[in-house]
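Chain by chain, the residues:
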Amino acid sequence: MPQFFFYRIFLVVPFLLLFLLCLQPATSFGQLTPLKFDPDKEKIELGSHTQILNKVPEHLSIEDVSSPEFSDQYTQNTTCNINLGPTDAVRWFRFSLLLDKPATRDARLANPERTERLLFLGKFLDYYNEVTLFWQEKELGKASISTPWQQRTYGRDEAVRRGEREPLCIPISLNNVEQQEVVFYLRIQTNTLLFIKPVLYTTDSFLLFSGKKRMFYAGYYGLLISMIVYNLFHFFFLRDNIRLIFILYALVLGVYFAICNELFMPLLPATRFISEVHDNLAQFLSLLVLILCIYFSTAFLEAKKNMKWIYCLLQLLGIIAVICLYFPLFDYRAGVGIVPILGEVTFLVILIAAIIALIKGYRPARFFLFAWIFFISGAVIYILTLTGKF
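Residues numbered from 1 in each chain as written. Predicted model: local features only at pLDDT ≥ 70, side-chain atom pairs only at ≥ 80, totals over all residues. Heavy atoms only, no water.

**Topic: the overall build of the protein chain**
Logical step 1: The number of helices and strands found in the protein chain is 11 helices and 14 strands.
Logical step 2: A sequence separation of at least 24 residues applies to 80% of the contacts in the protein chain between residues at least 6 apart.
Logical step 3: Counting every atom, the protein chain has about 19700 Å² of accessible surface; 66% of that belongs to carbon and sulfur. (Helix = DSSP H or I, 4+ residues; strand = E, 2+ residues; numbered from the N terminus. Contact = heavy atoms within 4.5 Å. Areas by Shrake-Rupley, 256 points an atom, 1.4 Å probe, with all protein chains shown as cover.)

**What about the packing of aromatic side chains?**
Logical step 1: Enumeration over the complete set of coordinates arrives at 23 aromatic pairs.
Logical step 2: Each ring, one from Phe 296 and one from Phe 368, has its centre 6.5 Å from the other, and the planes form 25 degrees; the classification is stacked. Of the two residues, Phe 296 is situated in helix H6 (residues 272–300) and Phe 368 in helix H11 (residues 364–386); the sequence distance between them amounts to 72 residues.
Logical step 3: Each member of the aromatic cluster is reached from another via a ring pair, and the members are Phe 216, Tyr 217, Tyr 220, Tyr 221 and Phe 257.
Logical step 4: Above the face of the Tyr 74 ring, Arg 94 is positioned so that its terminal group lies 3.9 Å from the ring centre. (Phe/Tyr/Trp six-rings, centres within 6.5 Å; stacked < 30°, edge-to-face > 60°. Lys NZ or Arg CZ within 6 Å of the ring centre and 35° of its normal.)

**Quick word on unusual backbone geometry**
Logical step 1: In this structure, Glu 302 takes a positive phi of about 50 degrees despite not being glycine.
Logical step 2: If you trace the backbone, Glu 302 turns up in the loop between H6 and helix H7 (303–306).
Logical step 3: Taking the relative accessible area as the measure of exposure, Glu 302 reaches 29% and is therefore partly exposed. (Buried < 20%, exposed > 50% of the residue type's maximum accessible area, 1.4 Å probe, protein only.)

**Quick word on the pattern of salt bridges**
Logical step 1: One pass over the full model with this rule turns up 3 salt bridges.
Logical step 2: In this structure, the salt-bridge partner of Glu 45 is Lys 43, at a minimum N-O distance of 3.8 Å.
Logical step 3: The residue Arg 187 makes a salt bridge to Glu 130 at a minimum N-O spacing of 2.9 Å. Here Glu 130 lies in strand E9 (residues 130–139) and Arg 187 lies in strand E12 (residues 180–189), a separation of 57 residues in the sequence.
Logical step 4: Judged by relative accessible area, which is 25%, Glu 130 ranks as partly exposed. (Salt bridge = Lys/Arg side-chain N within 4 Å of Asp/Glu carboxyl O.)

**A look at the pairing of strand E11 (residues 170–175)**
Logical step 1: Judged by which residues are buried, E11 turns out to be one-sided: Ile 170, Ile 172 and Leu 174 face inward and are buried, whereas Pro 171, Ser 173 and Asn 175, on the alternate face, are not.
Logical step 2: Two strands pair when backbone bridges link them, and strand E8 (residues 114–120) and E11 are joined in this way by 6 bridges, in the antiparallel orientation. In the strand pairing of E11, Thr 115 is matched with Leu 174. (Pairing = 2+ DSSP bridges.)

**Considering the sheet that holds E11**
Logical step 1: Read from one edge to the other, the open sheet built from 4 strands follows the order E3-E14-E8-E11, with strand pairing classed as antiparallel. Each of the sheet's edge strands pairs with one partner strand only, and the pair in question is strand E3 (43–45) and E11. In this sheet, neighbouring strand axes are inclined to one another by 30 degrees on average, regardless of whether the strands run parallel or antiparallel. (Axes fitted to C-alpha atoms, helices over the stretch in contact; angles between N-to-C directions.)

**A look at a nonpolar patch on the surface**
Logical step 1: Judged by side-chain polarity, Leu 232, Phe 233, Phe 236, Phe 237 and Leu 238 come together as a nonpolar surface patch covering roughly 540 Å² of accessible area.
Logical step 2: If you trace the backbone, Leu 238 turns up in helix H4 (residues 203–238). (Patch = residues over 30% accessible without salt bridge, like charges linked within 9 Å, V, L, I, M, F, W, Y side chains within 5 Å.)

**So, the nonpolar core**
Logical step 1: Core analysis: the biggest nonpolar cluster contains 43 residues, and Tyr 249, Leu 301, Met 307, Leu 314, Leu 342, Phe 368 and Trp 372 have the highest contact counts within it.
Logical step 2: Sort the elements by how many residues they give to this core and helix H10 (residues 332–359) lands first, with 11 residues.
Logical step 3: The next biggest cluster of nonpolar side chains, apart from the first, holds 31 residues, and it includes Phe 95, Leu 99, Leu 121 and Ile 196. (Core = buried A, V, L, I, M, F, W, Y, C linked by side-chain atoms within 4.5 Å.)

**So, the environment of Trp 309**
Logical step 1: Tracing the backbone shows Trp 309 in helix H8 (residues 308–324).
Logical step 2: Between the alpha carbons of Trp 309 and Ala 353 there is a distance of 9.9 Å; along the sequence they are 44 residues apart.

**Comments concerning H4**
Logical step 1: Its 36 residues place the ends of H4 52 Å apart at the C-alpha level, agreeing with the 52 Å of an ideal helix rising 1.5 Å per residue.
Logical step 2: For H4, every residue scored as buried is listed here: Ser 205, Phe 206, Ser 210, Tyr 217, Leu 224, Ile 228, Asn 231, His 234 and Phe 235.
Logical step 3: Among the structural elements, E8, strand E14 (199–201) and helix H5 (242–260) are those in contact with the buried residues of H4.
Logical step 4: Where H4 terminates, the next one or two residues include Arg 239, which has phi positive at roughly 55 degrees. (Expected span 1.5 Å × (residues − 1).)

**With respect to the confidence of the model for the protein chain**
Close inspection of predicted coordinates is inappropriate in any region flagged by low pLDDT.
Logical step 1: Across the protein chain, pLDDT averages 78, with 77% of residues at or above 70.
Logical step 2: Taking the mean pLDDT of every element in the protein chain, the minimum, 48, falls on helix H1 (residues 2–21) and the maximum, 91, on E14.
Logical step 3: Across residues 17–27 the pLDDT falls below 50, and counting only partners more than four positions away or on other chains, this stretch makes 21 contacts in the model. (pLDDT = per-residue confidence, 0-100.)

Here it is in structure tokens:
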């Protein structure tokens, strides 16, 4: 009885993942309400205080999107992340900050008249083709604007033009005047996933955040290397050929992870060729990860002997993934919409295959399921993030 209950739990997992496919964050319409900004806070998340313009024509100017006619065309985001999925359209975002109180002496020590912050968008600025920040200061309760629009432009195209890498964050400077409202507009264009998680940091808090990320990367690659060494031992001394597929899979996954998180970008020159190769290589490696994952799962679960129809389905998915290698080489934009869907289907089929093998009494399937259940669930959630569904 407990064993049957255990099987039923794992049978529920695929349906939970299907539920995530349909999951969309709630949104609402409304006027832009300023976020009360405490200058003594080390970190302020702006995602749930940011509004997204529904219209996406490229020719819109800052005067257009900030005019009263567009006021009711903004959608209020309700989560800390803003994920619009794969797109090459120009998108506009806006948020407003209101200085709740004057900064303390310690916080104002570097500049008594300004409060300095770093705006981190969740990705390096080199990730986006173009990021333009507009801002304007005004007094609370007054319709007249005290300063003209100011702007700064960042992003991959700007880095190529200047021939140097972009900074990680956008510096923001606020006047230390109580009840001073500052309105910000972001114009972002990218030809991949449009994902932002806007957060305001102090310099010290951002350094702490960066240190934690480095520790995470060190732990991730330490675990990956230990898995590769362990499986190399099995391959060379026990002649277990399945381990070679897993080693190749782990190596490709490690490189793919590094490219997606732009770990190599600060070391490379800012050229258009490298920027284009970076995106195409990420898509190519994601397909290679899928192919290796399919053939490792097929071999480990002995799908050809235990599950004929699952074996045929996995082989078909593998052939489709091989054909899709065409996209990163010749038609990157077409692959942006197809590859994530292929990944969702592939990981779901592998998970179902492991559950069926376990129910049929194939004992190694329990180790596969325990080892891969978290990875496959995480992979599906990551793909849902790529497609803007999570």
